[in-house]
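Chain residues, written in single-letter form:
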There are 2 protein chains.
Amino acid sequence: MYKKEISKAVINRLPRYYRYLGDLLEKDVVRISSKELSEKMKVTASQIRQDLNNFGGFGQQGYGYNVEYLHSEIGKILGLEMKYNLIIVGAGNLGQALANYVDFERRGFLVTALFDISPDLIGTKIRNAVVRPSDELEEYIKANNVDIAAITVPKSRAVPLAVDLAKWGIKGIWNFAPTDLNLPKEVTVENVHLAESLMKLSYRLSTKNQTE
Amino acid sequence: MYKKEISKAVINRLPRYYRYLGDLLEKDVVRISSKELSEKMKVTASQIRQDLNNFGGFGQQGYGYNVEYLHSEIGKILGLEMKYNLIIVGAGNLGQALANYVDFERRGFLVTALFDISPDLIGTKIRNAVVRPSDELEEYIKANNVDIAAITVPKSRAVPLAVDLAKWGIKGIWNFAPTDLNLPKEVTVENVHLAESLMKLSYRLSTKNQTE
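Note that the structure is a prediction, hence the values are computed from the model and not measured.

J.: It is not clear to me how the relation of the copies chain B and chain A should be interpreted in this structure. Could you clarify?
T.: Between chain B and chain A, which share one sequence, the superposing operator has a rotation angle of 180° and an axial displacement of 0.0 Å; the RMSD is 0.0 Å. Such a combination of rotation and displacement between the chain copies is what one expects of a two-fold axis. Using C-alpha coordinates, one finds that chain B approaches the rotation axis most closely at Asn-93 of chain B, a distance of 2.5 Å. The fraction of interface residues of chain B whose copies in chain A are also interface residues reaches 99%, indicating that both copies meet through the same surface.

J.: Got a minute to help me understand the sheet that holds strand E6 (residues 129-133) of chain A in this structure?
T.: Strands belonging to one sheet form pairs held by backbone hydrogen bonds; the direction of such a pair is parallel or antiparallel. All names here are of chain A. Strand order in the open sheet formed by seven strands is E5-E6-E4-E3-E7-E8-E9, and the pairing between neighbours is mixed. With one partner strand each, in any of the chains shown, strand E5 (125-126) and strand E9 (188-191) form the two edges of the open sheet. Of the strand pairs in this sheet, strand E3 (residues 84-89) and strand E7 (residues 148-151) are connected by four bridges, and their pairing is parallel. Within E7, the position partnered with Ile-88 by the bridge is Ala-150. Packed onto the sheet, helix H8 (residues 155-167) meets E3, E7 and strand E8 (172-175) and runs at close to 170° relative to E7.

J.: How should the nonpolar core be read in this particular structure?
T.: What tends to happen in soluble globular proteins is that the nonpolar side chains get buried as a cluster. Residues Trp-174 of chain A together with Trp-174 of chain B are the most contacted members of the largest nonpolar core, which totals 103 residues. For Trp-174 of chain A, the residues in contact, after removing those within four places along its chain, are Leu-98, Phe-104, Ile-148, Ala-149, Ala-150, Ile-151, Glu-190 and Val-192 of chain A together with Leu-194, Ser-197, Leu-198 and Leu-201 of chain B.

J.: Teacher, can you tell me more about the interface of chain B and chain A here?
T.: Many descriptions give the size of an interface as the accessible area lost when the pieces come together. Of the residues lining the interface, 70 residues belong to chain B; the matching set on chain A comes to 69 residues. Carbon and sulfur atoms supply 59% of the area buried between chain B and chain A, which totals about 6200 Å² over both sides. Summed over the three residues of chain B that lose the most area to chain A, namely Leu-198, Met-199 and Tyr-203 of chain B, the buried surface amounts to 12% of that side. Summed over the shared surface of chain B and chain A, the number is ten salt bridges. Note that Arg-19 of chain B and Asp-180 of chain A form a salt bridge whose closest N and O atoms lie 3.1 Å from each other.

J.: What's the story with the sheet that holds strand E6 (residues 125-126) of chain B in this structure? I'm lost.
T.: Residue and element names in this part refer to chain B. One open sheet accounts for seven strands, arranged E6-E7-E5-E4-E8-E9-E10; its pairing is mixed. Edge positions in the open sheet fall to E6 and strand E10 (188-191), since each of these has one partner strand only. Sheet topology places strand E9 (residues 172-175) next to E10; four bridges connect them, and they run parallel. Directly across from Gly-172, in E10, lies its bridge partner Thr-188.

J.: How should helix H3 (residues 45-53) of chain A be read in this particular structure?
T.: Each α-helix winds once per 3.6 residues, and so residues spaced three or four apart point in a common direction. Residues and elements named next belong to chain A. Within the sequence span of H3, burial applies to Ala-45, Ile-48, Asp-51 and Leu-52. End-on, the buried residues of H3 take up no more than an arc of 125°, which puts them together on one face. Those residues of H3 that are exposed and angled more than 90 degrees off the buried face are Gln-50 and Asn-53. Where H3 is buried, its residues touch helix H1 (8-26), helix H2 (34-41), strand E2 (65-66) and helix H4 (67-77).

J.: Honestly, the pattern of salt bridges in this entry has me stumped. Any pointers?
T.: In a structure, side chains of opposite charge can pair up when their charged atoms sit close to one another. The tally for this structure, following the rule as stated, stands at 24 salt bridges over all chains. A salt bridge links Glu-73 of chain B to Lys-76 of chain B, with the nearest nitrogen and oxygen atoms 3.1 Å apart. Of the two residues, Glu-73 of chain B and Lys-76 of chain B are both situated in helix H4 (residues 67-77); the distance of three residues between them amounts to about one turn of the helix. Looking at Glu-73 of chain B, the relative accessible area reads 16%, which means it is buried. A network of salt bridges, in which partner residues are shared, links Arg-16 and Arg-19 of chain A together with Asp-180 and Glu-196 of chain B.

J.: I would appreciate a short explanation of the packing of H1 of chain A against H2 of chain A in the present structure.
T.: Angle between the axes and distance between the axes: these two values describe a pair of packed helices. Residue and element names in this part refer to chain A. Contact pair H1 / H2: the axes reach a minimum separation of 11 Å and the direction vectors enclose 105°. As the angle between them shows, H1 and H2 are arranged roughly perpendicular. Contact with H1, carried on its side by Arg-16, Tyr-17, Tyr-20, Leu-21 and Leu-24, involves Leu-37, Lys-40 and Met-41 of H2 and no other residues of that element. Classifying every residue of the contact of H1 with H2 gives six nonpolar, no polar and two charged.

J.: Sorry, what's going on with the packing of aromatic side chains here?
T.: Aromatic ring pairs are reported here in terms of the distance separating the ring centres and the angle at which the planes meet. What the rule picks out here adds up to ten aromatic pairs over all chains. Measuring from ring centre to ring centre gives 4.2 Å for Tyr-101 of chain A and Phe-104 of chain A, while their planes differ by 10°; the resulting arrangement is stacked. Look at Phe-104 of chain A and you get buried, because its relative accessible area is 4%. Both rings, one in Phe-115 of chain B and one in Tyr-140 of chain B, keep their centres 5.4 Å apart while their planes meet at 70°; by these two values the pair is edge-to-face. With Phe-115 of chain B in strand E5 (residues 109-116) and Tyr-140 of chain B in helix H7 (residues 137-143), this pair connects stretches of sequence that are 25 residues apart. In this structure Phe-115 of chain B comes out as buried when scored by relative accessible area, which is 0%.

Reading the values: the criteria
- Residues numbered from 1 in each chain as written.
- Chains lettered and ligands numbered in written order.
- Predicted model: local features only at pLDDT ≥ 70, side-chain atom pairs only at ≥ 80, totals over all residues.
- Heavy atoms only, no water.
- Least-squares fit on C-alpha atoms with pLDDT ≥ 70 in both.
- Contact = heavy atoms within 4.5 Å.
- Pairing = 2+ DSSP bridges.
- Helix = DSSP H or I, 4+ residues; strand = E, 2+ residues; numbered from the N terminus.
- Axes fitted to C-alpha atoms, helices over the stretch in contact; angles between N-to-C directions.
- Core = buried A, V, L, I, M, F, W, Y, C linked by side-chain atoms within 4.5 Å.
- Buried < 20%, exposed > 50% of the residue type's maximum accessible area, 1.4 Å probe, protein only.
- Buried area = accessible area lost by both parts, 1.4 Å probe.
- Salt bridge = Lys/Arg side-chain N within 4 Å of Asp/Glu carboxyl O.
- Arc of directions from axis to C-beta.
- Parallel < 35°, antiparallel > 145°, perpendicular 65-115°, else oblique.
- Nonpolar A, V, L, I, M, F, W, Y, C, P; charged D, E, K, R; others polar.
- Phe/Tyr/Trp six-rings, centres within 6.5 Å; stacked < 30°, edge-to-face > 60°.

Honestly, it's all geometry; don't read function into it.
Here you go:
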């Protein structure tokens, strides 16, 4: 309910809060003030208070935040109390890297299958998931409860694939192909554009060289 | 020079302009109006004009943009006319995926070496780069011209590794470990936090479910 009014900037910061609080939990920190959290995260204390006030606060004046409670509440806001079944289309290095990422599972994202067209990969097992032939995708999606599909195929194949995935009922797409997917608005797309990230780095490196 | 005043939001959009213009170039499009570009990119035409005016324009009234020229100029702004030597520390699936990414090379990012501690990986070749033992990192960096180091090692090893890389002279770090690196400000860090990206997706999926 309250989620509808939250700005994109705040939402972009929430996973970072979640990560920091998780680190504190691992170190058995029970309580933290917004000032301490602010120093760790390099965000102003007032920004932190403002961000968390979007969700009704969580802090007590002069007492700070209860780390475990705040961590769990932010997790709920992020939808992490739910379990998500994830498939990975494209079982190359990147797809395998995602399938091997233990942290995702710990946060409720379970890789149930990978798909590829390469006979060398089909039938192999990556952690707990088997690589299946891509032409079984439709059947698999219709027979199983799949929440998210990660797309780790080459750019040329990504656009028609995404259209098919949406048609077969996928509601969440995690796209690693360097292209935009124009999908119906009921499909949520999160892009990871690695080349663009690298260009931002080169921009900042070349700007620094000029001004030094 | 002009680069110093450009806002972060504009810079974040530049790689996307660059990608779109590259796609248009591949399709032999010579000229495009800000209106057409705006429809393709789902950004308002006035936003596009405003963004590009930061760098002195490039368009001509009633004539549109010359695709090749604009692509090349944005490339220069992004520092892509330079060549960057990149090493990858961590030759697991993710490191290998990055090393195999042909697009990076096309844009001037050359992977010159990978590093790992695993005897199974050391000595193997990924595209044109050999996997070397991690304890040769310092020597390699000091003997070679390395512009960027990608960090694809587990979280626990990332922080001390980054400190060492900075000490040995690395000026650009592309960090894939799910942790912030607190480095001296002369080191430019670009983070790719995959788990955070996945959390943003789950946030939007769970919010949609609630409001439907």
